[in-house]
Amino acid sequence: MYPAHISIYEVGPRDGLQNEAPLHIADKINLIEGLAAAGIQRIEAGSFVSPKWVPQMADSAAVCQQITRAPKVRYSALTPNITGLKHAVAVGMDEIAVFTAASETFCQHNIHCSISQSLARFEAVFTEAQRLNLPVRAYVSCVLGCPYEGDIAAEQVAAVAHTLLEMGAYEVSLGDTIGVGTPAKVRRMLDTVSVCVPPAQLALHFHDTYGQALANVLACLDSGIATIDSAVAGLGGCPYARGSSGNLATEDLLYMLHGLGIHTGIDVKQLASVGQQVCQRLGIVNRSKVALALL
Ligand code: HMG
Ligand code: MG
């Protein structure tokens, strides 16, 4: 049976924009405020990582300081270490997100350490977040394949996800970073992970490189999953995963969910115009089919 409600975790301003040409700060602010006005209640607004590695996110503090916060919206940001957490706290983020991988090689390329070193690094982040009562989300990348290692064992995904939950994450987002998953494979991986992490505490995060993201969501909707990550206009990719395309477009996800009678609280038409505006600013073609149809 499908759930009555799905929570959308919007990653466009972070996962999307981190892999697009730099966008002016005023346009980032308009984007985030537009997402909230369309009814999105969970927004990853930026990233407190090294600006040398991801220059597109270098202005995250200024962006988060300058947005007008909508009352029911939770604003989050990526924090790879305690430095990131401090920056996030300084600008009043409602929650933070740590990120590691199920692939050793990807982890090295992305955050320059092994998986176990990343988890050790997160200990201080979780401890400080707990002290501050700050909810921590966690990502596991490469859950269905790695650009360097190829196939990744679902048991490895389960082990990392379980550890993150034990450390204190309220939710673990499973990332198909390079978008190689297909429905049956995704479902098998999710069933394996669900043995040690309750599906209600898992989110799914699909990149749409091979056009499978929507089908992958559908294959998992009756599994107890309550949250799906997506990016308005299908923005983005990952700077450390060559060839990966943007995230599943939020508009396309909403159109399918609403068609199934699943409630999200988001106005898809209003969202489509927010996405179109940012595409115009970036000078790119809108990657949401639903947005193109609606507009
Ligand atoms: P490091 O290279 O291991 O070394 O960084 P470090 O810790 O010694 O720091 C190097 C420099 O970065 C130093 O500056 C630090 O001060 C600075 P320098 O002395 O050279 O001038 N630094 C920082 N600056 C700002 N904020 C910080 C911070 N920490 C250190 N928090 C580090 C490790 C993780 C910081 C670095 O490798 C990094 O920032 N990597 C970027 C990773 C990234 O953002 N990747 C993309 C996001 S993940 C993703 O997209 C996947 C996801 O969407 C899910 C999926 O699709 O699978 C989440
Ligand atoms: Mg991603």
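Coordinates for the structure precede this section.
Presented here is a report on the structure given in the accompanying data block. (Residues numbered from 1 in each chain as written. Chains lettered and ligands numbered in written order. Predicted model: local features only at pLDDT ≥ 70, side-chain atom pairs only at ≥ 80, totals over all residues. Heavy atoms only, no water.)

Bound to the magnesium ion (ligand 2) on the protein side are Asp-15 (OD), His-205 (NE2) and His-207 (NE2), at distances that span 2.0 to 2.3 Å. Of note, the magnesium ion (ligand 2) draws all its donor residues from one chain, in the sequence arrangement D-x189-H-x1-H. With Asp-15 in helix α1 (residues 12–16) and His-207 in the loop between β7 (202–206) and α9 (213–220), the pair connects residues that are 192 residues apart, well separated along the chain. Across the pair, His-207 and Asp-15 agree in class, each one buried. (Donors = N, O, S within 2.8 Å, 3.2 Å for Na, K, Ca; no water. Helix = DSSP H or I, 4+ residues; strand = E, 2+ residues; numbered from the N terminus. Buried < 20%, exposed > 50% of the residue type's maximum accessible area, 1.4 Å probe, protein only.)

Reported here for the second largest pocket is a volume of approximately 190 Å³. Lining the second largest pocket are 13 residues, and of these Asp-208, Leu-248, Ala-249, Asp-252 and Arg-287 lie nearest its centre. Partitioning the lining of the second largest pocket into residue classes produces 4 nonpolar, 5 polar and 4 charged. (1 Å grid on protein atoms, 1.4 Å probe; cavity = no way out; pocket = protein on both sides within 12 Å on 5 of 7 lines; lining within 4 Å. Points joined across faces, edges and corners; volume = space filled by probe spheres on them. Nonpolar A, V, L, I, M, F, W, Y, C, P; charged D, E, K, R; others polar.)

Attention shifts here to the environment of Met-1. Here Met-1 is to be found in the segment before β1 (7–10). Look at Met-1 and you get exposed, because its relative accessible area is 89%. Taking C-alpha positions, Met-1 is 25 Å from Arg-42, a pair spaced 41 residues apart along the chain. In contact with Met-1, not counting residues within four places along its chain, are Leu-221 and Asp-222. (Contact = heavy atoms within 4.5 Å.)

The subject of this paragraph is the environment of Thr-83. When you line up the elements, Thr-83 lands in helix α4 (residues 82–90). Since its relative accessible area comes to 43%, Thr-83 is described here as partly exposed. C-alpha separation for the pair Thr-83 and Ala-129, spaced 46 residues apart in sequence, amounts to 12 Å.

Look at any regular strand and the pattern is simple: side chains alternate between the two faces of the sheet. Among the 6 residues in strand β6 (residues 171–176), 6 count as buried, and that is most of the element. The two faces of β6 match: Glu-171, Ser-173 and Gly-175 on one face and Val-172, Leu-174 and Asp-176 on the other face are all buried. Relative to β6, strand β5 (residues 136–141) runs parallel, the two sharing 4 bridges. Looking at β6, one finds that Ala-138 is bridged to Val-172. (Pairing = 2+ DSSP bridges.)

Counted under the stated rule, the structure contains 0 aromatic pairs. In this structure, Arg-14 is placed above the aromatic ring of Tyr-139, and the distance from its NZ or CZ to the ring centre is 5.6 Å. The residue whose ring lies beneath Arg-69 is Tyr-75, and the NZ or CZ to ring-centre distance is 5.3 Å. (Phe/Tyr/Trp six-rings, centres within 6.5 Å; stacked < 30°, edge-to-face > 60°. Lys NZ or Arg CZ within 6 Å of the ring centre and 35° of its normal.)

Met-93, Leu-164, Val-172, Leu-174 and Val-193 are the most contacted members of the largest nonpolar core, which has 98 residues in total. Here this core takes 8 residues from helix α7 (residues 154–167), the largest share from any one element. Contacts of Leu-174, omitting those with residues within four sequence positions, involve Val-140, Val-143, Val-157, Ala-161, Met-189, Leu-190, Val-193, Leu-202, Ala-203, Leu-204 and His-205. (Core = buried A, V, L, I, M, F, W, Y, C linked by side-chain atoms within 4.5 Å.)

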